[in-house]
Amino acid sequence: MSVLDNVDAATNLAKNNELQLLVFRVSQSDSSAYYAVNVFKTREVVESRNHYLTQLPSSHPLLEGTIILRDMQIPILNLPAWLGITLTKEEIKKSNILVCDFNGVIIGLRIMSAYRVIKKNWNEMHAPDSYRLKDDGVVINDTRLEDGSLCLILDYEKLLADVLPQALVNVDKDLELLQTLELPEKLKHGTILIAEDSRTAQRHLTQIFEKAHLKMQLFSNGKKLIDYIFALSDEQKSQIPAIITDIEMPEMSGFTVIQKLRANKTTQDIPIIVNSSMTGDNNKREAQGLGADDFIDKTKSHNVIPLIVSAMKKKNTQ
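Since we're looking at a predicted model, the values are computed, not measured. (Residues numbered from 1 in each chain as written. Predicted model: local features only at pLDDT ≥ 70, side-chain atom pairs only at ≥ 80, totals over all residues. Heavy atoms only, no water.)

1. Observations concerning the pairing of strand 6 (residues 96–102)
By the criterion of burial, strand 6 is predominantly enclosed, with 6 of the 7 residues buried. Pairing of strand 3 (residues 42–47) with strand 6, which is carried by 5 bridges, proceeds in the antiparallel orientation. What sits directly across from valine 45, in strand 6, is leucine 98. As paired strands, strand 6 and strand 7 (residues 105–111) are joined by 7 bridges and run antiparallel to one another. In the sheet register, cysteine 100 faces strand 7, and the bridge partner there is isoleucine 107. What sits between the antiparallel neighbours strand 6 and strand 7 is a turn of 2 residues, in which asparagine 103 has the positive phi angle 55°. (Buried < 20%, exposed > 50% of the residue type's maximum accessible area, 1.4 Å probe, protein only. Helix = DSSP H or I, 4+ residues; strand = E, 2+ residues; numbered from the N terminus. Pairing = 2+ DSSP bridges.)

Okay, here's the thing in structure tokens:
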């Protein structure tokens, strides 16, 4: 039986502020750390020895090449090397490929072994400030396994930005559209609030709003955003033009953010846009069912301002 069998439905987890993680290791060393990725970003785990690797000339050093899997050409990224770990030839022979879907981009990550799937509440996910001290940090947050072992969740968006930047958002795209877009006064003079824990995604959103000359305020998780909003006066809440939230965040998921905002009469009409790499139809339906006004995947974040304008017009909150 595959380690990915018997995974709960994403929507059921979301309602309980929960997630499931595939835990894995990247080397055979006894000191090797545990790492994890949201199971809904994974497709399968295959043995690397069963797949021929075609090398690509003049590619990024971490891009090992491509394999053909189910008629798809999949780029293979050397995750251990990104983490500063060098595998032996024997380890490479025994290694596996974790096939993932990030924003609709299918990639393979070289790992040593898949350990197990665990269920966690988002309030069990932690993001120490030390992880955000340097722009080159690769860890985004952590949690604990049942035996107390530390399990690290990586900034996979940073990995893509490092190795396959063409797969991420083009912040310069559609600038001409923004020049002709009629912005509501409330948007021009207000401050957009954003909950996002990935430094890579934060940087992209910052560039997008700076180019549009719009003010924004970033929060590194949903709880910090909610705490900030509910500390405001009713008048201050009424001046918020829109809120953007990721889904996957420590302490409080984006789904819970939407629930809390829609359950309060002082925030129930603020436009909410979900900006996420969890682009499955179930997640989109869940977000909209909870009250989000729109959903955009992170590779298309350059379109987020037109979505905000559209939502503000529909809600007549201009």
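2. Thoughts on unusual backbone geometry
For residues other than glycine, phi is negative in most cases, and the peptide bonds are mostly trans. Positive phi, normally seen in glycine, also occurs at aspartate 71, with a value near 65°. For aspartate 71, a relative accessible area of 79% corresponds to the exposed category. Its identity as a non-glycine residue notwithstanding, glutamate 251 has a phi of 75°, on the positive side. Positionally, glutamate 251 belongs in the loop between strand 13 (243–245) and helix 10 (254–262).

3. A few points about the nonpolar core
Counting 28 residues, the largest nonpolar core has Phe24, Leu77, Leu79, Leu98, Ile107, Leu109 and Leu164 as its most contacted members. Looking at this core, the elements that each hand over two or more residues are strand 1 (18–25), strand 2 (34–38), helix 2 (79–82), strand 6, strand 7, strand 10 (150–154) and helix 4 (156–163). If near-sequence neighbours (up to four positions away) are discounted, leucine 98 is found in contact with Leu22, Phe24, Val37, Thr42, Glu44, Val45, Ile107, Gly108, Leu109 and Ile111. Ranked by size, the runner-up nonpolar core spans 24 residues in total, among them Ile240, Phe255, Ala287 and Ala292. (Core = buried A, V, L, I, M, F, W, Y, C linked by side-chain atoms within 4.5 Å. Contact = heavy atoms within 4.5 Å.)

4. Here's the deal with the environment of alanine 201
Structurally, alanine 201 can be placed in helix 7 (residues 199–211). On the basis of relative accessible area, alanine 201 is assigned to the buried category, the value being 5%. Separated by 45 residues in sequence, alanine 201 and aspartate 246 place their C-alpha atoms 9.5 Å apart. Excluding residues within four positions of it along the chain, alanine 201 makes contact with Glu157, Glu196 and Lys298.

5. Section: the pattern of salt bridges
Oppositely charged side chains are able to pair whenever their charged atoms sit close together. Taken as a whole, this structure holds 14 salt bridges when the rule is applied. Residue glutamate 44 is joined to arginine 70 by a salt bridge in which the shortest nitrogen-to-oxygen separation is 2.6 Å. Taken as a pair, glutamate 44 in strand 3 and arginine 70 in the loop between strand 4 (63–69) and strand 5 (72–77) lie far apart in primary sequence, 26 residues in all. Note on glutamate 44: relative accessible area 17%, which makes it buried. Accessibility expressed as a relative area gives 59% for arginine 70, which makes it exposed. One continuous salt-bridge network, built from bridges that share partners, spans Arg262, Asp293 and Lys315. (Salt bridge = Lys/Arg side-chain N within 4 Å of Asp/Glu carboxyl O.)

6. Focus on the sheet that holds strand 13
On the basis of which strands lie adjacent, the open sheet formed by 5 strands has the order 12-11-13-14-15 and parallel pairing. Taken across any chain shown, the strands that pair with only one partner, and hence form the sheet edges, are strand 12 (215–219) and strand 15 (294–297). On average, each strand axis in the sheet is inclined to that of its neighbour by 20°, with strand direction left out of account. By the bridge criterion, 3 bridges tie strand 11 (residues 191–195) to strand 13 in an arrangement that is parallel. Across the sheet, the residue bridging to alanine 195 is threonine 245, located in strand 13. (Axes fitted to C-alpha atoms, helices over the stretch in contact; angles between N-to-C directions.)

7. Points about helix 12 (residues 304–315)
The terminal C-alpha atoms of helix 12, which comprises 12 residues, lie 17 Å apart, in line with the 16 Å expected from a rise of 1.5 Å per residue. Of all the residues in helix 12, the buried ones are Val304, Ile305, Leu307, Ile308, Val309, Ala311 and Met312. Looking one or two residues past helix 12, asparagine 316 carries a phi angle of roughly 55°, positive in sign. (Expected span 1.5 Å × (residues − 1).)

8. Details of the pairing of strand 7
Burial runs high along strand 7: 7 of the 7 residues are buried. The alternating pattern of strand 7 places Val105, Ile107, Leu109 and Ile111 and Ile106, Gly108 and Arg110 on opposite faces, both of which are buried. As defined by bridge partners, strand 5 adjoins strand 7 across 2 bridges and the pair is classed as parallel. Paired with leucine 77 across the two strands is leucine 109, which belongs to strand 7.

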